[in-house]
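The lines below spell out each chain.
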Amino acid sequence: MTDPTCHECNGINYCCVGRASKILDNCPMKVSPEIEKQAKEIYKTDEFVKKCTRIASIVEAKGYIHWPRLKDTVEYAKGMGYTKLGLAFCVGMLNEVRKIAEILEKYGFEITSVCCKTGGLKKTDVGVPEEYTMISKTGYTIGWITCNPVAQALLLNNAKTDMNIIVGLCVGHDITFTQLSKAPVTTLVAKDRSAPHNPTAILFSHYGKEFFSKEFKEMKKKKMTVPNTPDIK
Ligand code: SF4
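Everything numeric here is computed off the predicted structure, so don't read it as measured data.

## Here we look at the overall build of the protein chain
When helices and strands are tallied, the protein chain shows nine helices and six strands. Counting only C-alpha atoms, the protein chain reaches 55 × 55 × 30 Å along its principal axes. Within the protein chain, buried positions represent 17% of all 233 residues. Within the protein chain, contacts between residues at least 6 apart in sequence are counted, and of these 54% link residues at least 24 apart.

Have a look at this one:
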């Protein structure tokens, strides 16, 4: 195995502090020095990467722990010289996005925003099976209009925003949006309705432990192999 598995590295990583009693056999610093070298070269030669990395690190150092992510976003955008920001938001976050826009405007940015349901396209028109429209499998009303990350990206491209900010787009819709957005994209809110939009909350909670152990038991029972889930095709 030569693909990196940094998540399996123990203790304080060699790459963070420059020393370690034992490093993984597949540590990329050991097995792929040419890629590490290539990355270093990109930081030197790609003007966007150079500036973006420098500004992001300065923002991290200036506000570490004290600044909320929204303030980090403001400072990053200011550092990059951006003046016009786009908000690609989930319709369920209208109250939040209004507050976000108000704050960003007070910092002097020009704001343009696009709701995920723009266009009013039917889910069935984009290939979603009828049974996955209107009512969720967990019993909530979800409607028949599809999220439309393609139009969100095209509209913000047309508005020539300097940077776009994701506010609670669904998993997958965020990927489409990021792929089609011409301006660089950052995520302010990662939607997770089960845990007030904090996807890590589940990792150390009793609820999370129960949830996943039930899932894994069910998978074992059905002899399912990851990532094949016959439920979603
Ligand atoms: S020391 Fe190597 S394997 Fe460990 S986290 Fe750093 S790069 Fe990854």
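Now, onward.
## Digging into the site of the ligand
Taken together, Cys6, Cys9, Asn13, Tyr14, Cys15, Ile23, Leu24, Cys27, Pro28 and Met29 make up the full set of residues near the ligand. Where the shell around the ligand is concerned, the elements lending two or more residues are helix 1 (14–17) and helix 2 (28–31). Of the residues assigned to the shell around the ligand, the class counts are nine nonpolar, one polar and no charged.

## Some thoughts on the packing of helix 7 (residues 149–158) against helix 8 (residues 173–180)
Their axes nearest at 8 Å, the elements helix 7 and helix 8 cross at an angle of 30 degrees. Between helix 7 and helix 8, the angle falls in the class roughly parallel. The hand of the helix 7/helix 8 crossing is right-handed. Counting all contacts with helix 7, which are made through Pro149, Val150, Gln152, Ala153 and Leu154, the residues of helix 8 involved are His173, Thr176, Phe177 and Leu180. Grouping the amino acids of the contact of helix 7 with helix 8 by side-chain chemistry returns six nonpolar, three polar and no charged.

## So, unusual backbone geometry
The phi dihedral of Lys160 falls on the positive side, at around 55 degrees, and the residue is not glycine. With respect to the secondary-structure elements, Lys160 resides in the loop between helix 7 and strand 5 (163–167). The exposed category is assigned to Lys160, around which 11 C-beta atoms lie within 10 Å. Although it is not a glycine, Pro196 sits at a positive phi angle of roughly 20 degrees. Turning to its location among the elements, Pro196 is positioned in the loop between strand 6 (185–189) and helix 9 (206–221). Take Pro196: there are 7 C-beta atoms within 10 Å of it, and that puts it in the exposed class.

## Quick look at the domain arrangement of the protein chain
Once the domains are mapped, the protein chain shows domain 1 (31–66) and domain 2 (82–199). Averaged C-alpha coordinates put domain 1 and domain 2 at centres separated by 28 Å.

## Quick look at the sheet that holds strand 2 (residues 110–115)
Read across the sheet, four strands follow the order 2-1-5-6 without closing on themselves; strand pairing throughout is parallel. Looking along the sheet, the strands with just one partner apiece sit at the ends: strand 2 and strand 6. Pairs of neighbouring strands in the sheet enclose a mean axial angle of 25 degrees, with direction left out of account. Pairing geometry for strand 1 (residues 84–89) and strand 2, over six bridges, is parallel. Within the sheet, the bridge partner assigned to Lys84 lies in strand 2 and is Glu110. Of the strands in this sheet, strand 1, strand 2 and strand 5 are in contact with helix 7, which crosses strand 2 at around 155 degrees.

## Observations concerning helix 5 (residues 69–80)
Given a rise of 1.5 Å per residue, 12 residues ought to cover 16 Å, and the 16 Å separating the end C-alpha atoms of helix 5 matches this to within 8%. Along its buried surface, helix 5 packs onto strand 1, helix 6 (94–106), strand 5 and strand 6.

## A closer look at helix 3 (residues 33–45)
With 13 residues, helix 3 should reach 18 Å at 1.5 Å per residue; the first-to-last C-alpha distance of 18 Å fits that figure. The buried fraction of helix 3 amounts to zero of the 13 residues, a small share that puts the element mostly on the outside.

## Quick look at the nonpolar core
Side chains of nonpolar character tend, in soluble globular proteins, to be buried together. With 26 residues, the main nonpolar core has Leu85, Leu87, Ala88, Phe89, Ile165, Ile166 and Val167 as its most contacted residues. Mapped by element, the contributors of at least two residues to this core are helix 5, strand 1, helix 6, helix 7, strand 5 and strand 6. Excluding its chain neighbours within four sequence positions, the residues that come into contact with Ile166 are Ala88, Asp174, Phe177, Val185, Thr187 and Leu188.

## A few points about the pairing of strand 5
Counting buried residues in strand 5 gives five out of five residues, a clear majority hidden from the surface. Where burial is concerned, the two faces of strand 5 agree: the one with Met163, Ile165 and Val167 and the one with Asn164 and Ile166 are both buried. Bridging between strand 5 and strand 6 involves four bridges; their strand directions are parallel. Residue pairing for strand 6: Val167 is matched across the bridge by Val189. Crossover strand 5 to strand 6 through helix 8 is right-handed.

Definitions and cut-offs
- Residues numbered from 1 in each chain as written.
- Predicted model: local features only at pLDDT ≥ 70, side-chain atom pairs only at ≥ 80, totals over all residues.
- Helix = DSSP H or I, 4+ residues; strand = E, 2+ residues; numbered from the N terminus.
- Buried ≥ 20, exposed ≤ 12 C-beta atoms within 10 Å, placed from the backbone.
- Contact = placed C-beta atoms within 7 Å.
- Near = placed C-beta within 6 Å.
- Nonpolar A, V, L, I, M, F, W, Y, C, P; charged D, E, K, R; others polar.
- Axes fitted to C-alpha atoms, helices over the stretch in contact; angles between N-to-C directions.
- Parallel < 35°, antiparallel > 145°, perpendicular 65-115°, else oblique.
- Left-handed = near helix turned anticlockwise from the far one by under 90°.
- Domains from an automatic or database assignment.
- Pairing = 2+ DSSP bridges.
- Expected span 1.5 Å × (residues − 1).
- Core = buried A, V, L, I, M, F, W, Y, C linked by C-beta atoms within 7 Å.
- Right-handed = clockwise from strand over helix to strand, strands pointing away.

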